[in-house]
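Listed below, chain by chain, are the residues.
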Protein chains: 4
Amino acid sequence: MSKISVAVLGATGPIGQRFVQMLESHPYFEIEGLYASERSEGKRFGDAVKIRDHKFSDEALETKIRSMDLDHISKNARIAFSGIPSDLAGPTESELAKKGVAVFSNAGSHRMDKHVPILIPEINPDHAVSVKRQDTYGNGGYIVTNANCSSTGIAPPLFALDKKFGLEEVFISTYQALSGAGYPGVASLDAVGNVVPFIDKEEEKMEKELGKILGGYSDEGFKPASFRVLANCARVPVIDGHLESLVIKLSSSPSPEDIASTLSKFRGEPQTLKLPSAPEVPIIVRTERDRPQPVYDALAGSPERARGMATTVGRIRDGNGYCKMFVLSHNTLRGGAGGSMLNAELFKAKGLL
Amino acid sequence: MSKISVAVLGATGPIGQRFVQMLESHPYFEIEGLYASERSEGKRFGDAVKIRDHKFSDEALETKIRSMDLDHISKNARIAFSGIPSDLAGPTESELAKKGVAVFSNAGSHRMDKHVPILIPEINPDHAVSVKRQDTYGNGGYIVTNANCSSTGIAPPLFALDKKFGLEEVFISTYQALSGAGYPGVASLDAVGNVVPFIDKEEEKMEKELGKILGGYSDEGFKPASFRVLANCARVPVIDGHLESLVIKLSSSPSPEDIASTLSKFRGEPQTLKLPSAPEVPIIVRTERDRPQPVYDALAGSPERARGMATTVGRIRDGNGYCKMFVLSHNTLRGGAGGSMLNAELFKAKGLL
Amino acid sequence: MSKISVAVLGATGPIGQRFVQMLESHPYFEIEGLYASERSEGKRFGDAVKIRDHKFSDEALETKIRSMDLDHISKNARIAFSGIPSDLAGPTESELAKKGVAVFSNAGSHRMDKHVPILIPEINPDHAVSVKRQDTYGNGGYIVTNANCSSTGIAPPLFALDKKFGLEEVFISTYQALSGAGYPGVASLDAVGNVVPFIDKEEEKMEKELGKILGGYSDEGFKPASFRVLANCARVPVIDGHLESLVIKLSSSPSPEDIASTLSKFRGEPQTLKLPSAPEVPIIVRTERDRPQPVYDALAGSPERARGMATTVGRIRDGNGYCKMFVLSHNTLRGGAGGSMLNAELFKAKGLL
Amino acid sequence: MSKISVAVLGATGPIGQRFVQMLESHPYFEIEGLYASERSEGKRFGDAVKIRDHKFSDEALETKIRSMDLDHISKNARIAFSGIPSDLAGPTESELAKKGVAVFSNAGSHRMDKHVPILIPEINPDHAVSVKRQDTYGNGGYIVTNANCSSTGIAPPLFALDKKFGLEEVFISTYQALSGAGYPGVASLDAVGNVVPFIDKEEEKMEKELGKILGGYSDEGFKPASFRVLANCARVPVIDGHLESLVIKLSSSPSPEDIASTLSKFRGEPQTLKLPSAPEVPIIVRTERDRPQPVYDALAGSPERARGMATTVGRIRDGNGYCKMFVLSHNTLRGGAGGSMLNAELFKAKGLL
């Protein structure tokens, strides 16, 4: 069976590089071309690589970057994986959808659009059908987004707890990695030995997107879930892995053990369907007193094949009517390229591609 | 007028070094001796120095460390500033108080004792008299504690808001500096590029101490304030300066501008009394979108003489019924040695020494 | 064919952990037991893990650490891989050799002993036979050392250049990783944002060991090579990977291209014998203007199966009669556990085990 | 006596900010205006500040940045302190000199020009007169440069040793701070936990400039000193302070004690003239086994008033015919703004302004 041709947009950035990594030997997809801004046109992909923990194939390293000719892309690729900045992503992705391309996007531009899902296959696989209501669907084109990197990791535990115990409020503080700011991103003079308590639009995104993800979808559109989200976002000198502290108010008062058990047992459709990038266990619960930690758990900590795709939860504590925990997930894998990859795999499995 | 003789206990640690720094040219106090564990006995103070931003006098650098002979200390020093670890601080400080020494302690051991105040002069100067009920007071000895480093910085804004608007709940996540763990403290293999979401007993301390500090004192003892505190504590690769994210529920719903104004205008007894180590402005409100930051604001950011003694607040935002902000304070100055120094200065001013 | 039983000494340290990593699915060797000081006895190996880039098997993570009962080890293990500190390594390794164990050691204690080789199989495989002159050889026991972590990486390029062009002098400055100091090793207060220009005995080791490694061996013992080595050693805030700047005086004046070509083409006995841990290409020459860099090249940069076992050389420049270059190698893999592993593989291949 | 008006060019960069710091209460000079590229025009200086260890005055913080109108500058300022990038510095500084401004530049553009001195007042105050041969001198304008940041710190010890023992060769490896790359400079993804063994044109600068600085000047121009310099340059994750390892070949073979004594006793014209920014002791020799270190010695380590203006030398060792040492100096103070400041002070003292 021949593989589906995919284009990677924004291939030189931290997210784009992870797309390439995940596509190197993917069972469904094969890279048609790597695309980025004109500034990068003609450069070797290998000259852009900033990933510390993956060895790319020589074929990938030698691939020349192309500029984003949308006609060319739409003629040669069924799917576009998009890791381009939001300002550019808005019109580019719309145009590609019009030209019949299935766009799986990591950008924020279209997330709150009427029939565009913010898809996390473990949580809201039923939102996938919303693409059928997009104007471009008849033509074969549509846009599917994944959540922003700081929402993706905490969404599965919040969803699992909501289903079982009813979620009322969640107070989040983030400890976000530098790779989330792209490249060159944060200047080293601001990063070394410092914390920057501000990430542009991040808190607003978290406070809106989580409700849409955990909410419902009908022909009229998305109906957000009703719990309250409050976020404080900060950048810390960590390379990969967003850590977040959570204080959660539930409708009932489960013990930490109940919560741990609920999270550990949680499985979703990607696990049932055995999608290629799905972690066997989507939520890993750690019991040590000082975990999860970015360098030990964001990537290497996953016991299953799909490294960097699970969420790790630790320090589940009772908080006097609230539940406290720390949650970690890999921001450029599960929270970036991996989120879109899993979405495309779900679409393939559901026959929507 | 001759100065009061003081002993510094635990002089080789990050807190002890800050005591020495603040005492080098203090108007009330002069160093009688630097004390530490037997392991350090006879070493030069200069060989222990880990402070990056202060140039000690040659006299201080050449001072030989002594082991903690409590008889010697009680005969030669009126005050002991204590920066020793909690397990040792418990019995040592009790013994010194028995021997007639006024102990101003940074350790946690006696903070929750019946008539021992956790004193922050801007907040609860009326708690100072509690020492008169300590058994050793007749003898001239007593124990006064300062709050733990992560509570000290946020206590003044919480107090100012409580007085004006009524404080109901506060959810805290900390981004705590490495110097708070002492020396050698956190191993570099765990610190570089990482966050450790655990600090032993820190969350419990914050959840208990803040209530005592903002509560009342009568002859029966301390009566904690009734608001709820929930804390998530983490260590980040920052040298000095604890940053904390706060979500605060108040009895009324002031605007961010009201809150900023209330915090900016706040003054306490140290400001009225013009205590030597008191910051002119105890709470500095910054309006930039990305401040406060540890490296820029914990120390050098203070516009007044007493560097590292003010709390900096920034990013005051409305949070849908809650108020959100980031708060920064210097953990080994205001949150350590400086807290005890200011307490001793208050005692001097009140004639309690 | 049954595998050879091996004991790992000092299994909880950075080197010991790398031994476990390399042994998890080794074709010749299988772990008999993990040993460390009494302090660690009975603990799970998983609780000591500080490696950021490897996922250990559950079996390894659950293994209980044993204390170093030398009788037990000698009865159950043919080989001891030693990652223990030098002060302890001296007597322990001697005793194990007496009891008939083949000791492959990463410690410095026996490196300059009369018939103990400092073995780097690409360079001096002929030194292996020196073990036959050790007193304990008749009993089956002997000691083989690998070079210290900062000598190992630069030895292959120095050897390749010596053979072809004649080596006269080398001036080395090191940028050494934190993992080389063990755990807890360097305090984070000394490491973050800092460089420490001192590593105990490191310069002396480099200045002596390289001559022995590149020298000759006969029945009378080792005869050091005659070039001059001068080293300046410093610790930088890097997790893994020792970078070193070299200024080299050769007997002739090859061009940078000649040097690059000589290094790239270099192969040794491990490559001929296809030893399991041998890199296909022992010296990787990079041509970018800013490589090698620890995070990109120490581990993931190797294009061949045996990650972390090759030396990477870059920035080869002409220096007015001297040759300048930067060299990088992984200090706990090739410069630690991997060096001993390759030595044991060579012994197996040569029938010396 | 009225102060001399000075313009600061490139005031928003790390060097420019240090100019402002040093000028805040300077006895000879007062700031006429802060200038930078058009992009910064109209911004508050306070919004650009990246210095962690200095508290600027409110007046400085509120100063609005102007764009570089050379006519305006030449009419209003006698001196221009230049911290602008080299490509821009070339024509800008020439033009200002033509218009009669005395330019004290930190840029590399004119350093190798025929009658432009690379001035270090402790070393070559006699080079100052070279400005009289510049074409623009009649008009009152000229250009004086300071050495690049990695040459400045090591030049005084090399000069002191050359005078006493004869300097033949020096092999240098640098550990250079991030602030040397300007702002935003090095991306944090490349800096955290990493070393970059390349700084554009830095090695070439060091290998040329040191000879000119330590050489002679006559009416025919500069005659470089004849010793050989070989440099390997690398960037490390340090904020301020360039550390460098040196291997030095001298004509005679002094003991480490002789060398230490020669360096400690060294004084130059700035010390005799008591120039405002001159360190009392230009070369501080430390005897601890692990110093100098950037965070402890680059700034706070100076025992004299002029912080960040001395060079610190440590680990002086005998190297088998060579002498080895580590040298540290503050790259944006002595190696940047402070170098130019001292040059201007020398010109003032010599009546050349």
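The model shown is predicted, which means the values in this text are computed figures rather than measured ones. (Residues numbered from 1 in each chain as written. Chains lettered and ligands numbered in written order. Predicted model: local features only at pLDDT ≥ 70, side-chain atom pairs only at ≥ 80, totals over all residues. Heavy atoms only, no water.)

**Q** What is the right way to look at the overall build of chain A in this model?
**A** Looking only at helices and strands, chain A has twelve helices and 14 strands in total. In summary, chain A has a C-alpha radius of gyration of 19 Å against a globular reference of 20 Å for 353 residues, a match within 12%. If you line up chain A on its principal axes, its C-alpha atoms span 60 × 50 × 35 Å. When burial is assessed residue by residue, chain A has 66% of its 353 residues classed as buried. (Helix = DSSP H or I, 4+ residues; strand = E, 2+ residues; numbered from the N terminus. Rg over C-alpha atoms; globule rule 2.2 N^0.38 Å. Buried < 20%, exposed > 50% of the residue type's maximum accessible area, 1.4 Å probe, protein only.)

**Q** I would appreciate a short explanation of the relation of the copies chain C and chain D in the present structure.
**A** Both copies of the chain are related through a single rotation about an axis accompanied by a shift along the same axis. The transform that puts chain C on chain D rotates by 180° and translates by 0.0 Å along the axis, for an RMSD of 0.0 Å. Both chain copies can therefore be described as sitting about a two-fold axis. Minimal C-alpha separation from the rotation axis in chain C is found for Ser173 of chain C, amounting to 3.2 Å. Mapped onto chain D, 100% of the interface residues of chain C again fall at the interface, so both copies present the same surface. (Least-squares fit on C-alpha atoms with pLDDT ≥ 70 in both. Contact = heavy atoms within 4.5 Å.)

**Q** What exactly am I supposed to notice about the pattern of salt bridges here?
**A** Side chains that differ in charge, positive against negative, can pair when their charged atoms come close. What the rule picks out here adds up to 87 salt bridges over all chains. Among the ionic pairs, Asp200 of chain A bridges to Lys201 of chain A, the shortest N-O distance being 3.6 Å. Asp200 of chain A gets classed as partly exposed once you look at its relative accessible area, which sits at 40%. Lys201 of chain A sits in the exposed class, given a relative accessible area of 52%. Between Lys99 of chain B and Glu95 of chain B there is a salt bridge; the shortest N-O distance is 3.8 Å. Its relative accessible area of 30% is what places Lys99 of chain B among the partly exposed residues. Under the relative-accessibility criterion, Glu95 of chain B is labelled partly exposed at 30%. Residues participating in the shared-partner salt-bridge network are Arg286, Glu288, Arg291 and Asp297 of chain A. (Salt bridge = Lys/Arg side-chain N within 4 Å of Asp/Glu carboxyl O.)

**Q** Any chance you could explain the relation of the copies chain A and chain B here in plain terms?
**A** Mapping chain A onto chain B calls for a rotation angle of 180° and an axial translation of 0.0 Å; the resulting RMSD is 0.0 Å. Same-surface contact between copies: 100% of interface residues of chain A are shared with the interface of chain B.

**Q** Explain the interface of chain A and chain B here, please?
**A** Interface size is commonly expressed as the accessible area that is lost once the parts come together. Counting residues at the interface gives 47 residues for chain A and 47 residues for chain B. Taken as a group, Pro197, Phe198 and Asn232 of chain A account for 16% of the area that chain A buries against chain B, more than any other trio of residues on that side. Run the count over chain A and chain B and you get eight salt bridges. Across the pair Arg315 of chain A and Glu203 of chain B runs a salt bridge whose closest N-O atoms are separated by 2.7 Å. Remark: the boundary between chain A and chain B carries 29 residue pairs in polar contact (both at pLDDT 80 or more). (Buried area = accessible area lost by both parts, 1.4 Å probe. Polar contact = N/O pair within 3.5 Å; in protein donor to acceptor, adjacent residues only side chain to side chain.)

**Q** Would you mind showing me how to read the sheet that holds strand S4 (residues 79–82) of chain C here?
**A** Each strand in a sheet pairs with another by means of backbone hydrogen bonds, the pair being arranged parallel or else antiparallel. Residues and elements named next belong to chain C. As summarised here, the arrangement of the six strands in space is S3-S2-S1-S4-S5-S6, forming an open sheet in which the pairing is parallel. A single partner strand is all that each edge strand has here, and the edge strands are strand S3 (66–67) and strand S6 (142–145). On top of the sheet, helix H12 (residues 333–349) reaches strand S1 (4–9), strand S2 (29–36), S4, strand S5 (102–105) and S6; it is set at about 145° to S5, its chief contact. (Pairing = 2+ DSSP bridges. Axes fitted to C-alpha atoms, helices over the stretch in contact; angles between N-to-C directions.)

**Q** Sorry, what's going on with the sheet that holds strand S11 (residues 242–250) of chain A here?
**A** All names here are of chain A. Read across the open sheet, the six strands follow the order S10-S7-S11-S14-S13-S12; overall the sheet is mixed. What marks the edges here is a single partner per strand, and that holds for strand S10 (228–232) and strand S12 (283–285). Adjacent strand axes in the sheet meet at a mean angle of 25°, parallel and antiparallel pairs treated alike. As judged from the six bridges shared by strand S13 (residues 311–319) and strand S14 (residues 322–329), these two strands associate in the antiparallel manner.

**Q** I would appreciate a short explanation of the interface of chain C and chain D in the present structure.
**A** Counting residues at the interface gives 47 residues for chain C, matched by 47 residues for chain D. With both sides pooled, the region where chain C packs onto chain D buries about 3,600 Å², and carbon together with sulfur makes up 55% of that total. A salt bridge links Glu207 of chain D to Lys324 of chain C, with the nearest nitrogen and oxygen atoms 2.6 Å apart. Counting every contact that joins chain C to chain D gives 29 residue pairs in polar contact (both at pLDDT 80 or more). Here the residues of the side of chain C that touches chain D are counted per class, giving 25 nonpolar, ten polar and twelve charged. (Nonpolar A, V, L, I, M, F, W, Y, C, P; charged D, E, K, R; others polar.)

Nothing here speaks to function; it is all geometry.
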